[in-house]
Amino acid sequence: MDGLLQPVVDLFGPTWPLVWTLVKIVAIIAPLMICIAYLTLAERKVIGYMQVRIGPNRVGPLGLLQPIADGVKLLLKEVIVPSGASKGLFIIGPILAFAPVLAAWAVVPFSDGMVLANVDAGLLFLLAITSLEVYGVIVSGWASNSKYPFVGAMRAAAQMVSYEISMGFALVCVLMISASLNLSDIVMQQGQGRFADMGLGFLSWNWLPLFPMFIVFMVSGIAETNRAPFDVVEGESEIVAGHMVEYSGMAFALFFLGEYAAMWLVSALTSILFLGGWLSPVSFLPDGFHWLFIKVAAILFLFLWARATFPRFRYDHIMRLGWKVFIPITLTWVIVVAVWMLSPLSIWK
Amino acid sequence: MDFKTFVFYMFATIMILASLRVITARNPVHAALFLVLAFFTAGGIWMLLEAEFLAITLVMVYVGAVMVLFLFVVMMLDINLDRIREGFWSYLPLGAAIGLLMVAEMVIVLGGSYFGLDSMPEPPAAAAGYSNTRELGRLLYTEYVYPFELASLVLLVAMVAAVALTLRHRKGTKSVNPSQQIAVKRNDRVRMVSMPTEKE
């Protein structure tokens, strides 16, 4: 492989690291975009079958070309800027909503050593980058100069900031037991333990000792991505579509893509932090990237299932769940885990 | 000029321009967003100094939380720029004095070698496997544990005070308690009546 690449390396000379990083970024982003596009189809199909419908089945065989048709349609539509809008911010808004979700993939490990930036503070980086997502919503809501988007933006800001806290505390538990902020190390640590030695790796993963945190993290993840049943941000029945009301064409598509990219990201994080990432559940099957994909797909199915099952939460219920239920639970569990780690019963020695 | 220097000057330029726009932008929301940009680039500069924990925390705390709430407030306020500008001349002497003081301090720091202040040796390069976060955590929870706990207590008191100051129970509000609503059982709301059919 190195010998094969050598002429290319010489061609680019000192700019080679830059070129190579760009190649790696494209290698992550391009499949990700396809995944995002097909998640929209999967969502419509899954919800369709749950509601005893067929879902999209007209474009291409089994409707498989539907996301591409949607993409082309959105690309060809005009982006209308409302007359009273703050023009620059109106355009920047969707970009701010989409860019952080993509940037976060820089530290996500796909397999042993398969990561764009294997930084030591990976988990912190993720927390910081995902906390930027809220700007897209606020900025676009304000820049639209319209009432519904503004109400949507206010709701989103409050909701995302609230659930970030419980999410952060759930992460604190994970990094306490793995004693590392590096995502690859967190996965590797889950491969050790009594059950892993017995060949039952899936019982050694973090989801079992940190079960309440696993649930809190997943529910907070749904709330962070503004998915149903936490989608009061869009709230079609009350505020039309929240911050996206005034957007059309590709600008709207960016919000749409951002939401699905965030779903992929949250699912990938849940599988890496709590479900052992690329590790195989049993020792007689080899580890590999496919396990991560299967786990992520399973969690994404849960997302869609939740959307088809639950009615939208009322706003005060969302705030109550975030502040009065999740934060006390996570705080208690941080202390429980700390005591557990120092006690003789600790399983993380 | 190596790449690191180039990145530093790029960040520095962006940061200075953004900070300038913070004080010159006419629209308070734009000013707040430029402040976000300034924080973000400051995080980048700290990252260059290998202080990755501080850099990421800066972004997380200031950009991710503080500025969001700040924007929240600024967007909702109906700010009248003319009224804010009224006090410009009366505040100018104080502002100018503080500005001069900051310039003086920066001259002393930046011209340290000229004033003979460079007696502090340069820190040695970090060893491989050195973790900024681990080191900070160790210092905070061993050597500086009492000041750290004290600071957190002060913050807690400030938080309680802020809640106590803003929490007002108005009479006659129709707000509902979600906990009670969730605890409701079917039998509290509906009564099943078994009624035999009646004949004509």
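To be clear, the structure that these remarks concern was listed above.
Residues numbered from 1 in each chain as written. Chains lettered and ligands numbered in written order. Predicted model: local features only at pLDDT ≥ 70, side-chain atom pairs only at ≥ 80, totals over all residues. Heavy atoms only, no water.

1. Comments concerning the overall build of chain B
Point 1. When helices and strands are tallied, chain B shows nine helices and zero strands.
Point 2. In sequence order, chain B lays out its α and β elements as α-α-α-α-α-α-α-α-α.
Point 3. Relative to the 2.2 N^0.38 estimate, which gives 16 Å for 200 residues, the radius of gyration of chain B is 28 Å and therefore markedly larger than a compact globule would have.
Point 4. Taken along the three principal axes of its C-alpha coordinates, chain B extends 110 × 55 × 35 Å.
Point 5. Taken over 200 residues, chain B has a buried fraction of 18%. (Helix = DSSP H or I, 4+ residues; strand = E, 2+ residues; numbered from the N terminus. Rg over C-alpha atoms; globule rule 2.2 N^0.38 Å. Buried < 20%, exposed > 50% of the residue type's maximum accessible area, 1.4 Å probe, protein only.)

2. Some thoughts on the pattern of salt bridges
Residue and element names in this part refer to chain A.
Point 1. Under the criterion given, the structure shown has seven salt bridges over all chains.
Point 2. With its nearest N and O atoms 3.1 Å apart, the salt bridge here joins Arg 44 to Asp 70. Residue Arg 44 is found in helix H2 (residues 16–50), and its partner Asp 70 is found in helix H3 (residues 66–76); the two are separated by 26 residues along the sequence.
Point 3. Judged by relative accessible area, Arg 44 falls into the partly exposed class, the value being 37%.
Point 4. With relative accessibility at 24%, the residue Asp 70 sits in the partly exposed group. (Salt bridge = Lys/Arg side-chain N within 4 Å of Asp/Glu carboxyl O.)

3. As for the interface of chain A and chain B
Point 1. Each partner contributes to the interface: chain A provides 26 residues, whereas chain B provides 26 residues.
Point 2. Taken together, the two surfaces of chain A and chain B that pack against each other cover about 2,300 Å², and 76% of this comes from carbon and sulfur.
Point 3. Among the residues of chain A in contact with chain B, Tyr135(A), Trp142(A) and Arg320(A) are the three that bury the most area, contributing 25% of the side total.
Point 4. Viewed at the interface, chain B and chain A are joined by zero salt bridges.
Point 5. Where the side of chain A that touches chain B is concerned, the elements lending two or more residues are helix H5 (122–130), helix H6 (133–143), helix H7 (147–178) and helix H14 (315–342) of chain A.
Point 6. With six residues, H7(A) is the single largest residue contributor to the side of chain A that touches chain B.
Point 7. The residue makeup of the side of chain A that touches chain B, split by class, is 19 nonpolar, three polar and four charged. (Contact = heavy atoms within 4.5 Å. Buried area = accessible area lost by both parts, 1.4 Å probe. Nonpolar A, V, L, I, M, F, W, Y, C, P; charged D, E, K, R; others polar.)

4. Comments concerning the side chain of His317(A)
Point 1. Structurally, His317(A) can be placed in helix H14.
Point 2. By relative accessible area, which is 17% here, His317(A) ends up buried.
Point 3. Once residues within four sequence positions are removed from consideration, His317(A) is found in contact with Pro178(B), Gln181(B) and Ile182(B).

5. Side note on the packing of aromatic side chains
Residues and elements named next belong to chain A.
Point 1. This structure, assessed with the given rule, holds 19 aromatic pairs over all chains.
Point 2. Seen in terms of ring centroids, Phe 90 and Tyr 247 are 4.1 Å apart; in terms of plane orientation they differ by 5°. Their pairing is stacked. With a gap of 157 residues between them, Phe 90 in helix H4 (residues 87–103) and Tyr 247 in the loop between helix H11 (236–239) and helix H12 (249–274) connect regions that are remote in the sequence. Both residues of the pair, Phe 90 and Tyr 247, count as buried.
Point 3. Consider the rings of Phe 256 and Tyr 260, whose centres lie 5.0 Å apart with planes at 55°: the pair is tilted. Here the residue Phe 256 and the residue Tyr 260 both occupy positions in helix H12, the gap between them amounting to four residues, near one helical turn.
Point 4. When its relative accessible area of 30% is taken as the criterion, Phe 256 is described as partly exposed.
Point 5. Here Tyr 260 falls in the buried class, since its relative accessible area comes to 4%.
Point 6. Here the aromatic residues Trp 105, Phe 110, Trp 264, Phe 289 and Phe 293 are joined through ring pairs into a cluster of three or more. (Phe/Tyr/Trp six-rings, centres within 6.5 Å; stacked < 30°, edge-to-face > 60°.)

6. Regarding the packing of H7(A) against helix H3 (residues 52–76) of chain B
Point 1. The contact between H7(A) and H3(B) brings their axes to 11 Å, and the two run at 155°. On the basis of their axis angle, the class for H7(A) and H3(B) is roughly antiparallel. H7(A) and H3(B) meet at a crossing whose hand is left-handed. Contacts between H7(A) and H3(B) pair Phe150(A), Met154(A), Ala157(A), Ala158(A), Val161(A) and Glu164(A) from the former with Gly64(B), Val68(B), Phe72(B), Met75(B) and Met76(B) from the latter.
Point 2. Taken together, the residues of the contact of H7(A) with H3(B) sort by class into nine nonpolar, one polar and one charged. (Axes fitted to C-alpha atoms, helices over the stretch in contact; angles between N-to-C directions. Parallel < 35°, antiparallel > 145°, perpendicular 65-115°, else oblique. Left-handed = near helix turned anticlockwise from the far one by under 90°.)

7. A closer look at the side chain of Ser162(A)
Residues and elements named next belong to chain A.
Point 1. Here Ser 162 is to be found in helix H7.
Point 2. From its side chain, Ser 162 meets the backbone oxygen of Ala 158 in a polar contact 2.5 Å long.
Point 3. In contact with Ser 162, other than residues within four places in its own chain, are Met 319 and Trp 323. (Polar contact = N/O pair within 3.5 Å; in protein donor to acceptor, adjacent residues only side chain to side chain.)

8. With respect to the nonpolar core
Point 1. In terms of nonpolar packing, the biggest core is built from 109 residues, with Trp105(A), Tyr135(A) and Leu273(A) touching the most fellow members.
Point 2. Top element by residues in this core is H12(A). It accounts for 16 residues.
Point 3. In contact with Tyr135(A), not counting residues within four places along its chain, are Leu96(A), Ser140(A), Leu33(B), Val36(B), Val63(B), Met67(B), Val68(B) and Leu71(B). (Core = buried A, V, L, I, M, F, W, Y, C linked by side-chain atoms within 4.5 Å.)

9. Quick look at the environment of Arg312(A)
Residues and elements named next belong to chain A.
Point 1. One can find Arg 312 in the loop between helix H13 (289–309) and H14.
Point 2. Owing to a relative accessible area of 29%, Arg 312 belongs among the partly exposed residues under this scheme.
Point 3. Along the backbone, Arg 312 and Phe 301 are 11 residues apart, and their C-alpha atoms lie at a distance of 18 Å.
Point 4. Of note is the side chain of Arg 312, whose polar atom sits 2.8 Å from the side chain of Asp 231.

10. Some remarks on a nonpolar patch on the surface
Point 1. Together, Leu65(A), Ile68(A), Val72(A), Leu75(A) and Leu76(A) make up a nonpolar patch on the protein surface, roughly 500 Å² of accessible area in all.
Point 2. Of the residues examined, Val72(A) reaches a relative accessible area of 42% and is grouped as partly exposed. (Patch = residues over 30% accessible without salt bridge, like charges linked within 9 Å, V, L, I, M, F, W, Y side chains within 5 Å. Areas by Shrake-Rupley, 256 points an atom, 1.4 Å probe, with all protein chains shown as cover.)

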